[in-house]
Amino acid sequence: MAQALMNYLDPGAIVLGLKAATDQDVIRILADRLSALGYVKPSFADAVIAREVMLPTGLPLGGDNNVAVPHTDPEHVLRPGLALATLVEPVLFSNMEDPDEKLQVSVVFLMALNDKDKQIEMLQEIAGTIQAPEIISALIQSESVEDVSRLLR
Amino acid sequence: MTRQKTVLFACGTGIATSTVVAHAVEDAMKERGIRFNSRQCKTTEVAGQIDDVDLIVTTAQLPKDLAKPVITTLAFLTGIGKAEALDKIEAVLRD
């Protein structure tokens, strides 16, 4: 099930080799893409950032290539969608399980969720993908949307 | 036959993450021949939901002083430590 993420990922919301200083910068850049593509309301970015402070979404994968899955409440979402960033230098996200622990995150999936059933499928696909370390490594090396699409089809 | 136990799955929103975890645990326990009742809630709601619960499985931090067994794990999202987490859950459910 790991390779069907492209069903959710909008090619216009894939940002590869992003240079960003903080988790909030990454969230804003991806939220702007989702907003321009009509997936979310302008309030989405601030809502995701506020939620990330309270309920962080960093997922430790046991190495330097950790993943984060920021998201927020349905009221800021127009239709379900997914954005992806890979980072040149990791940024710090807090660990979902232990907010005091900071994780070096290289891959960010920003989820726009408003449909209970669809969001579960989307998150299951993301979980399936991050449980395959070779796919995460290859994703970080990807240089084009075509590369990503081949990996996550 | 002993009473079927109840597991409360908690996450930040009580919808997305806890559902993924609940599905993964249900499937794995079915393979091990164990059935249980399953419920979900937000981490902020757990304290008021635990009276009839035998085990809480959460992906996010909970208050420390809950009177029920708690397993905090991201294993069903990241895959890391999944077998150990399932063994712990099985131990509580077979107890």
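Rules behind the numbers
Residues numbered from 1 in each chain as written. Chains lettered and ligands numbered in written order. Predicted model: local features only at pLDDT ≥ 70, side-chain atom pairs only at ≥ 80, totals over all residues. Helix = DSSP H or I, 4+ residues; strand = E, 2+ residues; numbered from the N terminus. Rg over C-alpha atoms; globule rule 2.2 N^0.38 Å. Buried ≥ 20, exposed ≤ 12 C-beta atoms within 10 Å, placed from the backbone. Contact = placed C-beta atoms within 7 Å. Expected span 1.5 Å × (residues − 1). pLDDT = per-residue confidence, 0-100. Pairing = 2+ DSSP bridges. Arc of directions from axis to C-beta. Axes fitted to C-alpha atoms, helices over the stretch in contact; angles between N-to-C directions. Parallel < 35°, antiparallel > 145°, perpendicular 65-115°, else oblique. Left-handed = near helix turned anticlockwise from the far one by under 90°. Nonpolar A, V, L, I, M, F, W, Y, C, P; charged D, E, K, R; others polar.

### Re the overall build of chain B
Scanning chain B from N- to C-terminus turns up three helices and four strands. Beginning at the N terminus, the succession of helices and strands in chain B can be written as β-α-β-β-β-α-α. A compact globule built from 95 residues should have a C-alpha radius of gyration of about 12 Å, and chain B, at 12 Å, falls within 12% of that. With the principal axes as the frame, chain B shows a C-alpha extent of 30 × 30 × 20 Å. Relative to its full complement of 95 residues, chain B shows a buried share of 38%. Sequence-distant contacts in chain B: of pairs separated by 6 or more residues, those separated by 24 or more amount to 59%.

### Side note on the interface of chain B and chain A
Opposite the 15 residues of chain B that make contact, chain A presents 18 residues. Mapped onto the side of chain B that touches chain A, the elements with two or more residues apiece are helix H1 (16-31) and helix H2 (75-78) of chain B. Top element by residues in the side of chain B that touches chain A is H1(B). It accounts for four residues.

### Regarding H1(B)
With 16 residues, H1(B) ought to run about 22 Å at 1.5 Å a step, and its terminal C-alpha atoms sit 23 Å apart, in line with that. Listed in full, the buried residues belonging to H1(B) are B:Ala16, B:Thr17, B:Ser18, B:Thr19, B:Val20, B:Val21, B:Ala22, B:Ala24 and B:Val25. Where H1(B) is buried, its residues meet helix H3 (116-130) of chain A together with strand S1 (6-11), strand S2 (37-42), strand S3 (55-58), H2 and helix H3 (82-94) of chain B. Looking one or two residues past H1(B), B:Gly33 carries a phi angle of roughly 75 degrees, positive in sign.

### Section: the confidence of the model for chain B
Considering every residue of chain B, the mean pLDDT works out to 94; 98% of them sit at 70 or more. Ranking the elements of chain B by mean pLDDT puts H1(B) last with 94 and S3(B) first with 98.

### Description of the sheet that holds strand S1 (residues 9-18) of chain A
Residues and elements named next belong to chain A. Taken together, five strands build an open sheet; the order of strands is S1-S4-S5-S3-S2 and the sheet is mixed. Edge positions in the sheet fall to S1 and strand S2 (58-59), since each has one partner strand and no second. Note: strand S4 (residues 81-94) against strand S5 (residues 102-112), ten bridges, orientation antiparallel. If you follow Leu92 over to S5, its bridge partner there is Gln104.

### Notes on helix H1 (residues 23-36) of chain A
Each full turn of the α-helix corresponds to 3.6 residues, which orients residues three or four apart in the same direction. Residue and element names in this part refer to chain A. Under the 1.5 Å per step criterion, the end-to-end length of H1 is 20 Å for 14 residues, consistent within 8% with the ideal 20 Å. Listed in full, the buried residues belonging to H1 are Asp23, Val26, Ile27, Leu30, Ala31, Arg33 and Leu34. The buried residues of H1 occupy one face: seen down the axis, they fall within an arc of 155 degrees.

### Regarding the packing of H3(A) against H1(B)
With their axes 9 Å apart at the nearest point, H3(A) and H1(B) run at an angle of 65 degrees to one another. Classified by the interaxial angle, the pair formed by H3(A) and H1(B) is roughly perpendicular. Crossing handedness for the pair H3(A) and H1(B): right-handed. Listed contacts from H1(B) to A:Gln119, A:Ile120, A:Leu123, A:Gln124 and A:Ala127 of H3(A) are B:Ala16, B:Thr17, B:Thr19 and B:Val20. The class makeup of the residues in the contact of H3(A) with H1(B) is five nonpolar, four polar and no charged.

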